[in-house]
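A structural walkthrough
If you want the building blocks of each chain, they are given just below.
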Amino acid sequence: MITPQYGALPATLTPDDVRSVAPAIEKYAQGPVAELWKRPGLSRRDRSLVTVAALIARGLTAEMPRHFDLALGDGVKPGEMSELITHLAFYSG
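Now for a description of the structure that goes with this document. Computed from a predicted structure; not experimentally measured.

Analysis parameters
- Residues numbered from 1 in each chain as written.
- Predicted model: local features only at pLDDT ≥ 70, side-chain atom pairs only at ≥ 80, totals over all residues.
- Heavy atoms only, no water.
- Salt bridge = Lys/Arg side-chain N within 4 Å of Asp/Glu carboxyl O.
- Helix = DSSP H or I, 4+ residues; strand = E, 2+ residues; numbered from the N terminus.
- Buried < 20%, exposed > 50% of the residue type's maximum accessible area, 1.4 Å probe, protein only.
- Axes fitted to C-alpha atoms, helices over the stretch in contact; angles between N-to-C directions.
- Left-handed = near helix turned anticlockwise from the far one by under 90°.
- Contact = heavy atoms within 4.5 Å.
- Nonpolar A, V, L, I, M, F, W, Y, C, P; charged D, E, K, R; others polar.

1. Things to note about the pattern of salt bridges
Overall, the coordinates contain five salt bridges when judged by the stated rule. Note that Asp46 and Arg45 form a salt bridge whose closest N and O atoms lie 3.5 Å from each other. Two residues, Arg45 and Glu80, come together in a salt bridge whose shortest N-O distance is 2.5 Å. Here Arg45, found in helix α4 (residues 44–58), pairs with Glu80, found in helix α6 (residues 78–91); they are 35 residues apart in sequence, far enough to count as distant. Given the relative accessible area of 25%, Arg45 is considered partly exposed. Each of Arg45, Asp46 and Glu80 takes part in salt bridges that share partners, so that together they form one network.

In structure tokens form, the structure reads like this:
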């Protein structure tokens with residue numbers, strides 16, 4: 001059995017993990033960020049596509065599983081996710 005190194009992050013972070021070290025982040029996620037997703041200028045589906053693209057471009061892998069699931073729940077089709085990932089492979093490294 002391989003034990004994680006001291007300070008290594010788990011594959012995914014839960015809201016409780018984040019809250020335990022940075023409670024303000026959870027406050028913003030439930031406040032201003034949540035309100036951002038309710039603005040009328042873009043649909044939730046489009047916001048999900050933009051968010052997933054930004055996470056991929058920035059290499060923020062810890063957030064990807066959660067936002068992939070949210071995007072699928074917001075109406076993004078699996079084939080569209082695949083195309084997004086393939087497209088970004090050529091533009092975001």
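2. Things to note about the packing of α4 against α6
One way to put it is that α4 packs onto α6 with a least axis distance of 10 Å and a crossing angle of 35°. For α4 against α6, the interelement crossing comes out right-handed. Contact with α4, carried on its side by Arg45, Leu49, Val52, Ala53 and Ile56, involves Glu80, Met81, Leu84, Ile85 and Leu88 of α6 and no other residues of that element. Looking at side-chain class alone, the contact of α4 with α6 contains eight nonpolar, no polar and two charged residues.

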